[in-house]
Number of protein chains: 2
Amino acid sequence: MPEYHSQPLIMAAQEFAKLPGIGLKTAQRLAYHILNCSEQEVEQFAMGILSARRSMKLCKCCQNICGSDECEICGADNRNKALICVVESPGDVSAIERSGGFDGVYHVLHGLLSPMNGIGPEQLKIKELMARLTSADEVIMATSPTVEGEATAAYLSRMIKPVGVKVTRLAYGLPAGSSLVYADDVTLQRALENRSEL
Amino acid sequence: MPEYHSQPLIMAAQEFAKLPGIGLKTAQRLAYHILNCSEQEVEQFAMGILSARRSMKLCKCCQNICGSDECEICGADNRNKALICVVESPGDVSAIERSGGFDGVYHVLHGLLSPMNGIGPEQLKIKELMARLTSADEVIMATSPTVEGEATAAYLSRMIKPVGVKVTRLAYGLPAGSSLVYADDVTLQRALENRSEL
């Protein structure tokens, strides 16, 4: 028995289903909600999202998304501009800021090297990173501990070291609050290798 | 430590957080996705939703949402127009159609009576239902088995019976595939009351 849905519902649900993590059922639920709203409310919703996208700029320095030419972090006086933390995406900046353990600045690559998916150095903000190195003492690689994250860190490290800037990497080890029993082999191996004196 | 998010991200996330069942974290995830899309893609998304809402009409007969003046079900030749199934929302029509067990037509109330929330008979499509009764033999109440659903069915039943039209209600009982152990008391009581001969 095919499902019966009206044309406006199918239209709205198709748009919502484009979003990541939104399946058909959720898309239909959201579409019903949208059709239940007044036309004015839906206008506000659609225009709000569109104008958010339109107002988006990349910080001229760190390439993070922001509403102006320079982001708050790059514009702040109390941040150490000689310490650059390289991350994959704007979400990583939010995560590190939330931890409260970093007072340097960032550089957002907007992706990771992935030859399989046709993403080479030109697709990432690597040129912009190299241009910032004159004022840098240390670059921290904070890409994810995945194959692509490691490869990108290794590639950048090979490019940055000849310039005479120190390159470091986030520590590997056990996540806080976790149980040894559930740690995977690679994590345990690295936690042993990088053990520190008490 | 307050979270650091750029202004465009906050704007987009606020819009997504208005949707039902979308919490702050999901809204931020969707906002990141939107800011990662091209402006053209976001335009298509926003305009798709808006034009779906704008193209929405209510069927002149059953009040279900549709893209034209009359919905497919009311316009179909093979449906029994004398058998009207009264439901709360367009989603209920989809659910009953999916079951494949109904060949009559529908009437969508667009809500349930709820004096606590200020929803009286005038806010629902009751006037439109009464106007259709001249051509009806039977009206099936298919509102949800909740306090408000029952109250709405009882109210409509009192209004329709004097017109001389038969009023029925969906059967109460055990859901198919369920286990007796997990059935609640009210469901079991009703399943006993409405037991049928084998």
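Given the structure is predicted, the values throughout are model-derived calculations rather than measurements.

Draft legend 1. Region of the structure containing the nonpolar core. Judged by nonpolar contacts, the single largest core of 42 residues is most densely connected at Phe16(A), Leu19(A), Phe45(A), Phe16(B), Leu19(B) and Phe45(B). Contributing elements (two or more residues each) for this core: helix H1 (7-17), helix H2 (24-36) and helix H3 (39-55) of chain A together with helix H1 (7-17), helix H2 (24-36) and helix H3 (39-55) of chain B.

Draft legend 2. Spatial organisation of the packing of aromatic side chains. Summed over all chains, the structure comprises six aromatic pairs over all chains. By way of ring pairs, the aromatic residues Phe16(A), Phe45(A), Phe16(B) and Phe45(B) are connected into one cluster. The ring of Tyr172(A) has Arg190(A) lying over it, and the distance from NZ or CZ to the ring centre is 4.1 Å.

Draft legend 3. Summary view of the interface of chain A and chain B. With 55 residues of chain A in contact, the opposing surface of chain B contributes 55 residues. Carbon and sulfur atoms supply 68% of the area buried between chain A and chain B, which totals about 5000 Å² over both sides. Of all residues in chain A, the largest losses of buried area upon contact with chain B belong to Tyr4(A), Ile49(A) and Arg53(A), amounting jointly to 15% of the total for that side. Put simply, chain A and chain B have four salt bridges between them. The shortest N-O distance in the salt bridge between Glu43(A) and Arg54(B) comes to 2.8 Å. Only H1, H2, H3, strand S2 (65-66), helix H4 (72-75) and helix H5 (90-99) of chain A provide two or more residues apiece to the side of chain A that touches chain B.

Draft legend 4. Main features of the pattern of salt bridges. Enumeration according to the criterion identifies 16 salt bridges over all chains in this entry. Residue Glu97(B) is joined to Arg79(B) by a salt bridge in which the shortest nitrogen-to-oxygen separation is 2.8 Å. One end of the pair, Glu97(B), is in helix H5 (residues 90-99); the other, Arg79(B), is in the loop between helix H4 (72-75) and strand S3 (80-87), with 18 residues separating them in the sequence. Connected through salt bridges with shared partners, the residues Glu39(A), Glu43(A) and Arg54(B) form a single ionic network.

Draft legend 5. Seen up close, the packing of H3(A) against H3(B). Where H3(A) meets H3(B), the axes come as close as 9 Å, and the angle between the chain directions of the two elements is 180°. By the criterion of interaxial angle, the relationship of H3(A) to H3(B) is roughly antiparallel. Where H3(A) abuts H3(B), its residues Glu39(A), Val42(A), Glu43(A), Phe45(A), Ala46(A), Met47(A), Ile49(A), Leu50(A), Arg53(A) and Arg54(A) lie against Glu39(B), Val42(B), Glu43(B), Phe45(B), Ala46(B), Met47(B), Ile49(B), Leu50(B), Arg53(B) and Arg54(B). Its residues assigned to classes, the contact of H3(A) with H3(B) comprises 12 nonpolar, no polar and eight charged.

Draft legend 6. Fine view of the pairing of strand S5 (residues 138-141) of chain B. Residue and element names in this part refer to chain B. Side chains of S5 alternate between two faces, with Glu-138 and Ile-140 and Val-139 and Met-141 buried alike. Across four bridges, the pairing between S3 and S5 is parallel. The residue of S5 that forms the bridge with Cys-85 is Ile-140. Across four bridges, the pairing between S5 and strand S6 (residues 166-169) is parallel. Bridge assignment links Glu-138 to a residue of S6, and that residue is Lys-166.

Draft legend 7. Looking closely at the packing of H3(A) against H1(B). In the contact formed by H3(A) and H1(B), the axes pass within 8 Å of each other and the chain directions differ by 160°. In this view, H3(A) runs roughly antiparallel relative to H1(B), as classed from their interaxial angle. Considering the relative orientation of H3(A) and H1(B), their crossing is left-handed. Residues Gln44(A), Phe45(A), Gly48(A), Ile49(A), Ser51(A), Ala52(A) and Ser55(A) of H3(A) form the contact with H1(B), whose participating residues are Pro8(B), Met11(B), Ala12(B), Glu15(B) and Phe16(B). Class assignment for the residues of the contact of H3(A) with H1(B) results in seven nonpolar, four polar and one charged.

Draft legend 8. Spotlight on the domain arrangement of chain A. The domain boundaries assigned to chain A delineate domain 1 (7-55) and domain 2 (58-197). For domain 1 of chain A and domain 2 of chain A, the distance between their C-alpha centroids amounts to 34 Å.

Rules behind the numbers
- Residues numbered from 1 in each chain as written.
- Chains lettered and ligands numbered in written order.
- Predicted model: local features only at pLDDT ≥ 70, side-chain atom pairs only at ≥ 80, totals over all residues.
- Heavy atoms only, no water.
- Core = buried A, V, L, I, M, F, W, Y, C linked by side-chain atoms within 4.5 Å.
- Buried < 20%, exposed > 50% of the residue type's maximum accessible area, 1.4 Å probe, protein only.
- Helix = DSSP H or I, 4+ residues; strand = E, 2+ residues; numbered from the N terminus.
- Phe/Tyr/Trp six-rings, centres within 6.5 Å; stacked < 30°, edge-to-face > 60°.
- Lys NZ or Arg CZ within 6 Å of the ring centre and 35° of its normal.
- Contact = heavy atoms within 4.5 Å.
- Buried area = accessible area lost by both parts, 1.4 Å probe.
- Salt bridge = Lys/Arg side-chain N within 4 Å of Asp/Glu carboxyl O.
- Axes fitted to C-alpha atoms, helices over the stretch in contact; angles between N-to-C directions.
- Parallel < 35°, antiparallel > 145°, perpendicular 65-115°, else oblique.
- Nonpolar A, V, L, I, M, F, W, Y, C, P; charged D, E, K, R; others polar.
- Pairing = 2+ DSSP bridges.
- Left-handed = near helix turned anticlockwise from the far one by under 90°.
- Domains from an automatic or database assignment.

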